[in-house]
Amino acid sequence: MEALKEINKNLMNLRTSLITVVIVITSGLAGIVLTKSFSTVNILLLVIPGIYFDIIFLQNILSVNNKINDNIRRMKIDS
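This report concerns the structure included in the present document. Residue numbers restart at each chain and count upward from 1, following the sequence in its written direction. Owing to the predicted nature of the model, reporting of local features is limited to residues with pLDDT of at least 70; listing and counting of side-chain atom pairs is limited to 80 or more, with chain, interface and lining totals taken over all residues. Just so you know, side-chain values use all the structure's heavy atoms and leave hydrogens and water out.

Some details on a nonpolar patch on the surface
A contiguous nonpolar patch, built from Val-41, Leu-45 and Leu-46 and spanning about 290 Å² of accessible area, is present on the exposed surface. Put simply, DSSP marks the helices as runs of H or I at least four residues long and the strands as runs of E at least two long, and each gets a number from the N terminus on. Along the chain, Leu-46 turns up in helix α2 (residues 40-78). Buried residues are those whose accessible area, probed at 1.4 Å on protein chains only, stays under 20% of the maximum for their type, while exposed residues exceed 50% and partly exposed ones sit between those limits. We classify Leu-46 as partly exposed; its relative accessible area is 44%. Only residues whose relative accessible area exceeds 30% and that form no salt bridge enter a patch; like-charged residues are grouped when within 9 Å of one another, and nonpolar side chains (Val, Leu, Ile, Met, Phe, Trp, Tyr) when within 5 Å. The protein chains shown are the only cover counted for residues, whose accessible areas, like all others here, come from Shrake-Rupley with a 1.4 Å probe. Definition used for salt bridges: Asp or Glu carboxyl oxygen within 4 Å of a side-chain nitrogen of Lys or Arg.

Points about the nonpolar core
Here, the term nonpolar core denotes a set of buried Ala, Val, Leu, Ile, Met, Phe, Trp, Tyr and Cys residues that are joined through side-chain atoms within 4.5 Å. If you look at the biggest cluster of nonpolar residues, it comprises six residues: Leu-11, Leu-18, Val-22, Ile-61, Val-64 and Ile-68. Counting residues per element, the ones that place at least two in this core are α1 (2-34) and α2. Ignoring anything within four residues of it in the chain, the contact list for Val-64 reads Leu-11, Leu-14, Arg-15 and Leu-18. The contact definition used throughout considers only heavy atoms, calling two residues in contact when any of these lie within 4.5 Å.

A closer look at the pattern of salt bridges
Tallied over the full model, the rule gives three salt bridges. Of the charged contacts in the structure, one is a salt bridge between Asp-70 and Arg-73, with a shortest N-O distance of 2.7 Å. Placement of both Asp-70 and Arg-73 in helix α2 is noted, with a separation of three residues, approximately one turn of the helix. Residue class for Asp-70 comes out partly exposed when judged on its relative accessible area of 36%.

In structure tokens:
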């Protein structure tokens, strides 16, 4: 039971960090798109990989949420 609580604490910290990374990436992408001095090549080279990594980190957040929910269910069953 205590091990699951510690695992959940670590997962919650990981989720918080991932959310911060997504915010930074998304705001960076918005900043790149909204700048007045940009070229099509810069947009393609920066935005497409940025969107890719944004999606990857969002999937990681959802995966961490599922793990937290599974651990909470196990804790409810055990008690």
